[in-house]
Amino acid sequence: MPSIIQLLPDHVANQIAAGEVVQRPASVVKELLENAVDAKATDIKLIVKDAGKSLVQVIDNGAGMSVTDARLCFERHATSKIRQAEDLFSLHTKGFRGEALASIAAIAHVEMKTRQDQDELGTHIIIEGSKFVSQDVAVLPKGTSFAIKNLFFNIPARRNFLKSDVVEQRHIIDEFLRVAMAHPNIHFTLYHNGSEMFNLPQSNIRQRIVNIFAGKTNEKLVPVKESTDIVSISGFVSKPEFSKKGRGEQFFFVNDRFIKSGYLHHAVMAAYEGLLKEGCQPGYYIYLDVPPHTIDINIHPTKTEIKFDDEHALYAILRSTIKHSLGQFNVAPVLDFERDPNLDTPYDYKNQEASVPTVQVDRSFNPFAEDRQQRQTYKKPDTSHWEGLYVGLKHDTETISPPAEIHFEQEEVTASLFDEEESRHEVAKMFQIHKKYIVNPIKSGMVIVDQQRAHQRILYESFLVNMTVRQASSQQLLFPLTLYFSRTEMELIAELEESLVNTGFVFETPGADHAVISGLPVNVSESEASIVLEQLLGDLQDGIPENSFSQNDSIAKSMAKSLAVKTGTFLTEKEQENLVNGLFACKEPNVSPFQKPTFITMRVEDLDKKFAL
């Protein structure tokens, strides 16, 4: 039998490796930005067209590459970051595998320009699908420029699985901001389709966070700082009153590398215990500096997962540090015996002694002394002759009109408006169980309605009708409402503005980091506006969900979920009746917008079977 095992060609192996390293245009952005950071660049520009499908270009002023390095960098497992296996446990760079450029070159058209500072001329290389097209000498500025064009041109299946431009662009912005937040000493610029989206000058960490998220970010930040032998912690957490429904502004950085860790996130949530509303998430921007030999980064190709040597100690230190910071800045009560009590006293009065208040007393004042001139006595009138009470009163017969003729009701007034026999048989038609279900007796048994799902169905169909059939009514606000969002969220709001206007929202001229609302839908209160929009942004962050038919359908579902009466809410009899009647007036009363049953019916026969022996 002939041998059937053979080595794969290099271009096939590269395409297979690219499936792990390059999942979408944002993966290319991440790898190229990290290479620019490793090259000691101080100015990095990211240029994107069509959400990275047509072009992803990264230009830096870093060290550059020689002619040999420029050609060798596209080979698999060729890297300048490590030399031997021991270097994996003392990493100080972003990349180390040497797979990124080879994987990108296998599935795109790559154009690289690079020059070192000491060289007069640079190198210009063009590669298409792992094949070198040309390599020339060129006059170039110092640094390196990578232009990745026509991503996945030779893997059409992978290209077809990409999401819409809005979603892919959002992933690119996320990767860009993660690298930018980890390196505030570098000037980052992002251009999309010819327009500048971010221009982040060199600054400190706090200013970089404010420049990215804008709005009222500065006033909601609480600094966090702690240094131990295991870890050095720095960064910021947000005040509890600025918490949101989504988890958009939550960042962990370990040795200037963005990571995801559910375990460390739990430590942060434990520090906020008792301070957050139900379902809300705090924002945090935490930088951890640990010895490189105590972590293992080589777990996942994206390098966002890290293994720590002592996770339990790290958990305890992070939790106590955040809790201490929240208490130190009077965000939460704290019991700290080493705290200087003078911090509670204004500095101008710190060294001053309290003065004794002066009281002026009139010692000659006697409340019981009689003042004959000012006191007036009341003389009881003589009522023995009642005519004397009317002496002195003017009697004008012309001004007094005779009383009008008064008609009295001749019919006998009954004690009850209803027949006693009918009122005796009158019972409550429906009632609430555990503030969750509404029970409505019917002729064949009873109907049990889930109040939250029923209300979701009612609101969902109402919003859909407003957005598709008729113009929704809106309640104008006396004072416009200003809500602050990040730039990516403002882009999403601008995309959804037309649909939101159809539901009843009225927007004024928006700013770069805030939306001004002058009108709200009739069933949305002013306090609920921010909750509704945050929920909507969270639901549509990754595009239209698969279980939705269109953008309007997604918006109607999200708003219905936010505004529906919650489980645990007490409803009056009138509210229960309106809810049940509204449900059965819907086109599809059987299920909620999320395809869950809204009610069940129990017949008397079913109850009889339960009691059968």
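**Observations regarding the overall build of the protein chain**
Working step 1: Per the secondary structure count, the protein chain includes 17 helices and 22 strands.
Working step 2: Going through the 613 residues of the protein chain one by one, you find that 40% of them count as buried.
Working step 3: Sequence separation of 24 or more characterises 67% of the internal contacts of the protein chain that already satisfy a separation of 6 or more.
Working step 4: Split by element, the accessible area of the protein chain, about 37500 Å² in all, is 52% carbon and sulfur.

**Structural notes on the sheet that holds strand 12 (residues 257–259)**
Working step 1: Taken together, the five strands give an open sheet; going across it, the order is 9-10-13-11-12, and neighbouring strands pair in mixed fashion. Across the chains shown, the open sheet's two edge strands, defined by having one partner strand only, are strand 9 (221–227) and strand 12. For this sheet the average axis-to-axis angle between neighbouring strands, irrespective of direction, equals 20°.
Working step 2: Pairing of strand 11 (residues 250–254) with strand 12 involves three bridges; the strand directions are antiparallel. For Phe253, the partnering residue across the bridge sits in strand 12 and is Phe258.
Working step 3: Each of strand 9, strand 10 (232–238), strand 11 and strand 13 (284–289) touches helix 10 (residues 311–328); the most contacted strand, strand 9, lies at about 135° to it.

**Looking at the environment of Met559**
Working step 1: Tracing the sequence through the fold places Met559 in helix 15 (residues 551–563).
Working step 2: Taking the C-alpha atoms as reference points, Met559 and Gln535, 24 residues apart in sequence, are found 7.7 Å from one another.
Working step 3: When residues no more than four places from it in sequence are discounted, the contact partners of Met559 are Phe463, Thr503, Phe505, Pro521 and Val532.

**Quick look at empty space enclosed by the protein**
Working step 1: Counted according to the given criterion, the structure contains one cavity of 30 Å³ or more.
Working step 2: The calculated volume of the largest cavity comes to roughly 110 Å³.
Working step 3: Of all the elements in the fold, those that place two or more residues in the lining of the largest cavity are helix 2 (25–38), helix 6 (165–182) and strand 12.
Working step 4: The biggest single contributor to the lining of the largest cavity is helix 6, with four residues.
Working step 5: Residue composition of the lining of the largest cavity, grouped by class: three nonpolar, two polar and seven charged.

**Let's talk about helix 12 (residues 451–468)**
An α-helix turns once per 3.6 residues; consequently, residues spaced three or four apart project the same way.
Working step 1: End to end, helix 12 covers 26 Å across 18 residues, agreeing with the expected 26 Å (1.5 Å per residue, within 8%).
Working step 2: Of all the residues in helix 12, the buried ones are Gln451, Ala454, Gln456, Arg457, Leu459, Tyr460, Glu461, Phe463, Asn466 and Met467.
Working step 3: Looking at the buried residues of helix 12, the elements they touch are strand 16 (431–433), strand 17 (437–442), strand 18 (445–450), helix 13 (487–503), helix 15 and helix 16 (573–584).
Working step 4: Looking at where helix 12 begins, the residue whose side-chain oxygen comes 3.1 Å from the main-chain nitrogen of Gln452 is Asp450.

**Comments concerning the confidence of the model for the protein chain**
Working step 1: When the pLDDT values of the protein chain are averaged, the result is 80; 78% of them are 70 or greater.
Working step 2: Low confidence marks residues 420–428, where pLDDT is under 50. Its contacts with residues over four positions away, or in another chain, come to zero contacts.

**So, the side chain of Glu461**
Working step 1: By the secondary structure assignment, Glu461 is in helix 12.
Working step 2: Using a relative accessible area of 15% as the deciding quantity, one classes Glu461 as buried.
Working step 3: Engagement of the side chain of Glu461 in a polar contact is seen with the side chain of Arg457, the distance being 3.0 Å.
Working step 4: Here Glu461 is in contact with Cys586, Lys587 and Glu588, once residues within four sequence places are set aside.

**A few points about the packing of helix 12 against helix 16**
Helix-helix packing is characterised by the crossing angle of the two axes and by the distance between the axes.
Working step 1: At a closest axis distance of 9 Å, the pairing of helix 12 and helix 16 adopts a crossing angle of 55°. As summarised for this structure, helix 12 and helix 16 are arranged oblique, according to the angle between their axes. The two elements helix 12 and helix 16 meet at a crossing, and its hand is left-handed. Across the interface between the two elements, Gln451, Ala454, His455, Arg457 and Ile458 from helix 12 touch Leu579, Gly582 and Leu583 from helix 16.

**Remarks on the side chain of Glu168**
Working step 1: Along the chain, Glu168 falls in helix 6.
Working step 2: Judged by its relative accessible area of 0%, Glu168 is buried.
Working step 3: Apart from the residues lying within four places of it in its own chain, the contact partners of Glu168 are Arg24, Pro25, Ala51, Lys53, Leu162 and Lys163.

**Topic: a nonpolar patch on the surface**
Working step 1: Residues Leu121, Val137 and Val139 make up a contiguous nonpolar surface patch of about 330 Å² in total accessible area.
Working step 2: Relative to the helices and strands, Val137 resides in strand 5 (residues 131–138).

**Here's the deal with helix 6**
Working step 1: In this model, helix 6 (18 residues) spans 26 Å end to end at C-alpha, consistent with the 26 Å of a helix rising 1.5 Å per residue.
Working step 2: Burial analysis of helix 6 places 14 of its 18 residues in the buried class, which makes it a mostly covered element.

**Brief notes about the sheet that holds strand 2 (residues 55–60)**
Working step 1: Strand order in the open sheet made by the eight strands is 5-4-3-6-2-1-7-8, with mixed pairing throughout. For this open sheet the edge positions go to strand 5 and strand 8 (195–200), each flanked by a neighbour on one side alone. Taken over all neighbouring pairs, the strand axes of this sheet differ in orientation by 10° on average, direction set aside.
Working step 2: Bridge count for strand 1 (residues 43–49) against strand 2 is six bridges, and the pairing is antiparallel. Among the inter-strand pairings, Lys49 is bridged to a residue of strand 2, identified as Leu55.
Working step 3: Strands in contact with helix 2 are strand 1, strand 2, strand 6 (143–149) and strand 7 (187–192); relative to strand 2, the strand with the most contacts, it is inclined by about 10°.

**Here we look at the pattern of salt bridges**
Working step 1: As enumerated under the stated definition, the model contains 13 salt bridges in all.
Working step 2: For the salt bridge of Glu34 with Lys30, the shortest nitrogen-to-oxygen distance reads 3.2 Å. Of this pair, Glu34 and Lys30 both sit in helix 2, four residues apart, roughly one helical turn.
Working step 3: Since its relative accessible area comes to 9%, Lys30 is described here as buried.
Working step 4: Salt bridges sharing common partners tie together Glu111, Lys113 and Lys149.

**Looking at the pairing of strand 18**
Working step 1: Burial analysis of strand 18 places five of its six residues in the buried class, the great majority of the element.
Working step 2: Between strand 17 and strand 18, which follow one another and run antiparallel, lie two residues.
Working step 3: Here strand 18 pairs with strand 22 (residues 599–603) via five bridges, running antiparallel. When the bridges of strand 22 are listed, Val447 appears paired with Thr601.

**Regarding unusual backbone geometry**
Working step 1: Positioned with a positive phi, Asn150 is a non-glycine residue whose angle comes to about 50°.
Working step 2: Judged by its relative accessible area of 35%, Asn150 falls in the partly exposed class.
Working step 3: In this model, Gln595 sits at a positive phi of 60°, which is unusual for a non-glycine residue.
Working step 4: With respect to the element layout, Gln595 can be found in the loop between helix 16 and strand 22.
Working step 5: Accessibility expressed as a relative area gives 58% for Gln595, which makes it exposed.

Reading the values: rules and limits
Residues numbered from 1 in each chain as written. Predicted model: local features only at pLDDT ≥ 70, side-chain atom pairs only at ≥ 80, totals over all residues. Heavy atoms only, no water. Helix = DSSP H or I, 4+ residues; strand = E, 2+ residues; numbered from the N terminus. Buried < 20%, exposed > 50% of the residue type's maximum accessible area, 1.4 Å probe, protein only. Contact = heavy atoms within 4.5 Å. Areas by Shrake-Rupley, 256 points an atom, 1.4 Å probe, with all protein chains shown as cover. Pairing = 2+ DSSP bridges. Axes fitted to C-alpha atoms, helices over the stretch in contact; angles between N-to-C directions. 1 Å grid on protein atoms, 1.4 Å probe; cavity = no way out; pocket = protein on both sides within 12 Å on 5 of 7 lines; lining within 4 Å. Points joined across faces, edges and corners; volume = space filled by probe spheres on them. Nonpolar A, V, L, I, M, F, W, Y, C, P; charged D, E, K, R; others polar. Expected span 1.5 Å × (residues − 1). Polar contact = N/O pair within 3.5 Å; in protein donor to acceptor, adjacent residues only side chain to side chain. pLDDT = per-residue confidence, 0-100. Parallel < 35°, antiparallel > 145°, perpendicular 65-115°, else oblique. Left-handed = near helix turned anticlockwise from the far one by under 90°. Patch = residues over 30% accessible without salt bridge, like charges linked within 9 Å, V, L, I, M, F, W, Y side chains within 5 Å. Salt bridge = Lys/Arg side-chain N within 4 Å of Asp/Glu carboxyl O.

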